[in-house]
Amino acid sequence: MADSGVCNLLDKLLACFAENVVQLLIGDPEDVLNLRGELERMRAFLKVADASEESDVEFKVLVKQIREIAHETEDALDEFMLLQVHDRADGLYGAIHKFSCCIKNIKARYRIISELQAIRSRIKNLCHVHGSLLPRFTRIQQGTSGSTSAENTWQHRRGDALLLEKTDLVGIDEPKQQLVEWLVEGDNRREVISVAAMGGMGKTTLAKQVYDDEEVKKHFKRRAWVTVSQSFKIEELLKNMIRHLQTSSRGLENMNNDRLRRIIKDLLKKSRYLVVLDDVWHLNEWDVLKYALPDNNCGSRVMLTTRNAGVASSTSSGVESVGKVYNLKPLSPMESWDLFCKKTFQGNACPTYLKDICQYTLRKCEGLPLAIVAISGVLASKDTRRIDEWDIVGRSLGAEIDGNDKLQDLKKVLSLSFNDLPYYLKDCFLYLSIFPEDHRIEQMRLIRLWIAEGLVEAKEGKALEEVAEDYLNELLNRGLLQVASLTSDGRVKTYRIHDVQREIIVSKSRDQNFTSIAKDQNVMWPDKVRRLSIHNTLQNVQENRSVSRLRSLFMFRVVEKLNIQSLFPGGFKLLNVLDLQKSRLKRFPIDVDNLVYLKYLSLKDTEVKTIPRTIGKLQYLETLDLKHCRVTELPVEILKLHRLRHLLVYHFKLESYEVFHSRYGFKVQGNIGALRSLQKLCFIEANQGGGAIMVELGKLYQLRRLGIVKLRKEDGKSLCSSLKKLSNLLALSLTSIEEEEILDLQHLSSPPPLIQRVYLRGRLETLPPWIPLLHGLVRLYLKWSRLKEDPLVLLQKLPNLVHLELLQVYEGDTLYFRKGGFNKLKVLGLDQFNKLRCVQVEVGAMPLVEKLIIQRCQLLKMVPVGIQYLTKLKVLEFFDMPVEFIQTLRPDVKDSDYWKVAHIPEVYSTNWREGGWEVNTLDLCDGENSPGPSATTTTSHDLESRWK
């Protein structure tokens, strides 16, 4: 896990070599080369040593020392380079300033040189230690090391799971019934049934209950249970399988793998068999076993359990395997409570005065059976009269996991997944410790932070953002991250992490000085803290505490007014990341002269209005996030930031429904095309020298997301000319300067080939001819288009369109959704069709649509004709519709259309009433006995949240 620090240091050394800085600091060029070589050997060592760091004390100490040396060396080099920067200046004033800096910085230079000399000596000493550990290092590389204590603990727990009686189990009946059904039913092909979930969820317990089921025993002539685990040896697995399948095991000891697999295949080739592979960690483990399990056309089954969703999907689908995946879910709140009471109170009821405390503690377990059982074991030993002791366990779960022997098994079992991560993911996962408990982690925010911290390795042919997305997918597959919310077109919007897993990585982060969290008053953090995450209140911050080595500062849910410079008077000149999102700020918070190394700056959701011209000094800045603050113009010095990847400056005016003038971007003078590294640019105003800006945009070849506001018709040709050059573009948002202003987009002969999302707000003379050619398009918003011809005729053929929103798009009186059209559409919104009188849906149109929103169509008096054919429809919303329209949905009204929508689970109608918008939930589930609509009053903000 120190590897990212060493990587950053090596990159910095290479940069310093170019300017002969290292030679100046260390002296002998040969010593410089030796230093670089030793650091590269350390990096190679760390990639392997990380795997044994948790179980080998000597490795753990060595890794910690390497991490500290890497950090100290990086700090010293950065400080020295900072002095070099301050020495550079032009003109008479510059010469005087340079002379002054030289005098003032002589002591600082000598101090830094002395520090680096001492560090070099420590590196030499570490190399001697590394040499003494080399034999063990080699054994690890060859995969011959023994099982770790954590693995032994897990095997012990796994053995316990195999011995559990059914009376000890909770919430197992439904998943067991499903798995038994999958095993004994179906065709005669060999199928692979995978049970996937995070560690501690009860996969082994469930699989054993299924394996021992009487119906399963009768159905399969041969059965074998094989535990794979992390430290599996193929020979032992094959021998164990043979011992399950036949009584005699003579001669197995001298057989090679191929011979053992042949025996297994011969034993199974004419039998209907069931083989359970418990605890499969990696795909290669399945690859070495699958050819020994014949597809004998007898209805045989293989069932495996795994923490890795990628392993589950790969083994259960593909050319060589068919099957199913069962994603084991956490226990429900009721099941969790049953298990908790069974283990804590030995089946008795929870005392009423402890119920709130117990339920608070139980919520942290989030339905994870292993956590519930472990924490129940701690509480079962507490005196029920000592309410304070029970309260402490819930409030300080992290400390309990660290210090309570009864929770060590839980910690070790959940740590196995962390220890199994490849070296490049460990720091990325530890990074999640900066976020507060129950915080929803925005995907793009996390990706930008990882990149700014140097945690994402460059890969040829991929942008860093794409590599980071791969990292997130791998953490998801391993069950270490959970999806918290999705966009309508299926992209992950936010993540979350299990509370117990979070407590474990917070503990690891603290032990390794990776991150310090200030959420309690008087909390202490290390003198050389690298990352500081402040939660809830500034009272947690120790006054006058030095943060001179600080690299990252975050604030979450801080309600006090913020003054960074008074809070940290000593400053933090080495800072890389400053994330003050949602802080109470009215001014730009810092003197940027002292933040040369800043890469990430977020003032999102603050009240900051202006950005100083000195922003141009932040030469390393990669992300500037000013979303939803009050900045409307950027200084021209922003164009000096050639490393800038994400420039986000906009805010929305929230209304009860969308109005044209609700989106505001930013003005900038000069040549925006100078920012060649930009990946995302939103939202730039076009009416400031629009034509020139449109031309400049064509130079931003790396752009993936582009938003432009205040476009005029005359910008069309130059805009289209630039768009065809942006071959990496994934999302495009264009808004005209006024509602009646035409967006001239007819000149784009070859649109960006990868584009997935298009948002057009403004009048269109005709539908741009390139839109129906976007075969990768998944989301399309057309608003205030006012087309004369029905756009559905062309749009219905888009093969991958998932979300379509239309506002004042068509001036006809009828919309037709034809058979075979919109085959993948899931969300459809129709808003303010002022002449619309009828919507018709044919059988076979929009077969997958799940949500339909119709609003402000004042002439539409009835629900869509054929709405009953939308069999997948889950949510139907009507907003500000005529009274006659709503009346047709009441079952007691003559000529009611109620029967057409009675199959839809959620139907809402919303209209303005005095005091707010009134949301009527139409209860249609009880047929003729339905009581009709029930009303609740809500705010426009609630509606915004519901519809977004």
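Residues numbered from 1 in each chain as written. Predicted model: local features only at pLDDT ≥ 70, side-chain atom pairs only at ≥ 80, totals over all residues. Heavy atoms only, no water.

Participant: I'm lost on the overall build of the protein in this one. Help?
Facilitator: The helix and strand inventory of the protein stands at 31 helices and 31 strands. Here the analysis covers contacts within the protein between residues at least 6 apart in sequence; of these, 61% occur between residues at least 24 apart. By element, 49% of the accessible surface of the protein is carried by carbon and sulfur atoms, the whole surface being about 41,600 Å². (Helix = DSSP H or I, 4+ residues; strand = E, 2+ residues; numbered from the N terminus. Contact = heavy atoms within 4.5 Å. Areas by Shrake-Rupley, 256 points an atom, 1.4 Å probe, with all protein chains shown as cover.)

Participant: Help me out: how do you make sense of the pairing of strand S25 (residues 827–831) in this one?
Facilitator: Two faces, one strand: in a regular strand the side chains alternate between the faces of the sheet. Counted residue by residue, S25 has five buried out of five residues, so it is predominantly covered. As paired elements, strand S23 (residues 803–807) and S25 share five bridges and run parallel to each other. By the bridge assignment, Leu806 is partnered in S25 with Leu830. For S25 and strand S27 (residues 851–855), the ladder comprises five bridges, and the chain directions are parallel. The residue bridging Leu830 from the neighbouring strand is Ile854, located in S27. (Buried < 20%, exposed > 50% of the residue type's maximum accessible area, 1.4 Å probe, protein only. Pairing = 2+ DSSP bridges.)

Participant: Help me understand the confidence of the model for the protein, please; the structure alone is not making it clear to me.
Facilitator: In low-pLDDT segments, the atomic positions of the prediction should not be examined closely. Overall, the prediction assigns the protein a mean pLDDT of 82, with 80% of residues at 70 or greater. When the criterion is pLDDT under 50, residues 91–97 qualifies, and its contacts beyond four places in sequence or with other chains add up to three contacts. Low pLDDT (under 50) marks residues 924–948, which in the prediction has 58 contacts with non-local residues, meaning those over four places away or in another chain. (pLDDT = per-residue confidence, 0-100.)

Participant: Even after reading the chapter, I still don't get the pattern of salt bridges, so can you show me in this structure?
Facilitator: Side chains carrying opposite charge are able to pair once their charged atoms draw close together. For the structure shown, the criterion picks out 42 salt bridges. Between Arg496 and Glu366 there is a salt bridge, with its nearest N and O atoms 2.7 Å apart. In this pair, Arg496 sits in strand S8 (residues 492–496) while Glu366 sits in the loop between helix H16 (355–365) and helix H17 (369–380), placing the two residues 130 residues apart along the sequence. For the salt bridge of Lys462 with Asp470, the shortest nitrogen-to-oxygen distance reads 2.4 Å. (Salt bridge = Lys/Arg side-chain N within 4 Å of Asp/Glu carboxyl O.)

Participant: Help me understand the packing of aromatic side chains, please; the structure alone is not making it clear to me.
Facilitator: Inspection of every chain in the model, using the stated rule, returns 19 aromatic pairs. Taking 6.1 Å as the distance between ring centres and 85° as the angle between the ring planes, the aromatic pair formed by Tyr431 and Phe554 counts as edge-to-face. Remark: Phe554 occurs in strand S11 (residues 552–556) and Tyr431 occurs in the loop between helix H21 (423–430) and strand S6 (441–442); sequence separation between them is 123 residues. With a relative accessible area of 0%, Phe554 lands in the buried category. Note on Trp450 and Tyr471: the rings are 6.3 Å apart at their centroids and 55° apart in plane angle, and the pair reads as tilted. Of this pair, Trp450 sits in helix H22 (residues 443–452) while Tyr471 sits in helix H23 (residues 464–477), and the two are 21 residues apart along the sequence. Exposure remark for Trp450: the relative accessible area of 0% places this residue in the buried category. (Phe/Tyr/Trp six-rings, centres within 6.5 Å; stacked < 30°, edge-to-face > 60°.)

Participant: Help me out: how do you make sense of the side chain of Arg445 in this one?
Facilitator: By the secondary structure assignment, Arg445 is in helix H22. You can call Arg445 buried: its relative accessible area is 6%. A polar side-chain atom of Arg445 sits 3.1 Å from a polar atom in the side chain of Asp579. In this structure Arg445 touches Phe435, His439, Phe556, Asp579, Gln581 and Tyr600, once residues within four positions along its chain are discounted. (Polar contact = N/O pair within 3.5 Å; in protein donor to acceptor, adjacent residues only side chain to side chain.)

Participant: Teacher, can you tell me more about the packing of H22 against H23 here?
Facilitator: In helix packing, the relevant descriptors are the interaxial angle and the interaxial distance, both defined with respect to the helix axes. Here H22 crosses H23 at 115°, and the two axes come no closer than 10 Å. If you check the angle between H22 and H23, you find them roughly perpendicular. Here the hand of the crossing between H22 and H23 comes out right-handed. Mapping the contact onto sequence places Gln443, Leu446, Ile447, Trp450 and Ile451 in H22 and Leu464, Glu465, Ala468, Glu469, Tyr471, Leu472 and Leu475 in H23. (Axes fitted to C-alpha atoms, helices over the stretch in contact; angles between N-to-C directions. Parallel < 35°, antiparallel > 145°, perpendicular 65-115°, else oblique. Left-handed = near helix turned anticlockwise from the far one by under 90°.)

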